[in-house]
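So the chains spell out like this:
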Amino acid sequence: MAGKVVDTREYVSVLREIAEEGKVVSMLIAGSSMSPFLCHNRDYIYFTRPDRELRRGDMVFYQRDGGQYVMHRIYKKRGDAYYMAGDAQVQVEGPLRRDQIFARVIKVKRKGRMLEPGDFWWEFFEHVWIRILPARRIITGLYAICTRRRHPGDNESAKG
């Protein structure tokens, strides 16, 4: 059976309408801008229209003026302007208007496990990771070096 190709913008616009009605919508993550918290084609987000004042660290869905839909975190708010960044990014996007933001992520399914506010990793990315944006490139580089898989022959001294 062949899979059906769906226009992403059209698909998300339908999900947007449902979320704006106050219903919770789920969607498989596409893209890597929210890594390491969320991974492409592995994790799911659950979102609905914002039910409270938006604040730094919130994951929100918004539509750029060019029509593209994006889900990132609020890096800061200045007056009526919002500035966004993905967890994998060091660049900040903005200013964005409040009317561009149509949903807030209220929970995620990460590595097959549901996470909500209060869970360790949720709190870490919402309150700590968002504040160390300038140091992210260094931290992720060090992490990659420390977790790089070793190949046979990398440790010659371990041989007899």
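About the criteria used
- Residues numbered from 1 in each chain as written.
- Predicted model: local features only at pLDDT ≥ 70, side-chain atom pairs only at ≥ 80, totals over all residues.
- Heavy atoms only, no water.
- Salt bridge = Lys/Arg side-chain N within 4 Å of Asp/Glu carboxyl O.
- Helix = DSSP H or I, 4+ residues; strand = E, 2+ residues; numbered from the N terminus.
- Patch = residues over 30% accessible without salt bridge, like charges linked within 9 Å, V, L, I, M, F, W, Y side chains within 5 Å.
- Areas by Shrake-Rupley, 256 points an atom, 1.4 Å probe, with all protein chains shown as cover.

1. Observations concerning the pattern of salt bridges
Stage number 1. Enumeration over the complete set of coordinates arrives at ten salt bridges.
Stage number 2. For Arg42, the salt bridge is made with Asp43, and the minimal N-O distance between the two is 2.7 Å.
Stage number 3. For Arg64, the salt bridge is made with Glu93, and the minimal N-O distance between the two is 2.8 Å. Of this pair, Arg64 sits in the loop between strand 3 (59–63) and strand 4 (69–78) while Glu93 sits in strand 6 (residues 93–97), and the two are 29 residues apart along the sequence.
Stage number 4. Residues participating in the shared-partner salt-bridge network are Asp65, Arg97 and Asp99.

2. Quick notes on a nonpolar patch on the surface
Stage number 1. On the surface, a cluster of nonpolar side chains totalling about 320 Å² of accessible area is made up of Ile138, Leu142 and Ile145.
Stage number 2. Tracing the backbone shows Leu142 in helix 3 (residues 136–147).

3. With respect to unusual backbone geometry
For residues other than glycine, phi is negative in most cases, and the peptide bonds are mostly trans.
Stage number 1. The linkage connecting Ser35 with the following residue, Pro36, adopts the cis geometry, with an omega of 10 degrees.
Stage number 2. Among the secondary structure elements, Pro36 is positioned in the loop between strand 1 (25–28) and strand 2 (44–48).
Stage number 3. Its identity is not glycine, yet Asn41 carries a phi of approximately 60 degrees, on the positive side.
Stage number 4. Following the sequence through the fold, Asn41 ends up in the loop between strand 1 and strand 2.
Stage number 5. The residue Lys111 is not glycine, and still its phi comes out positive at about 55 degrees.

On their own, these measurements won't tell you what the molecule is for.
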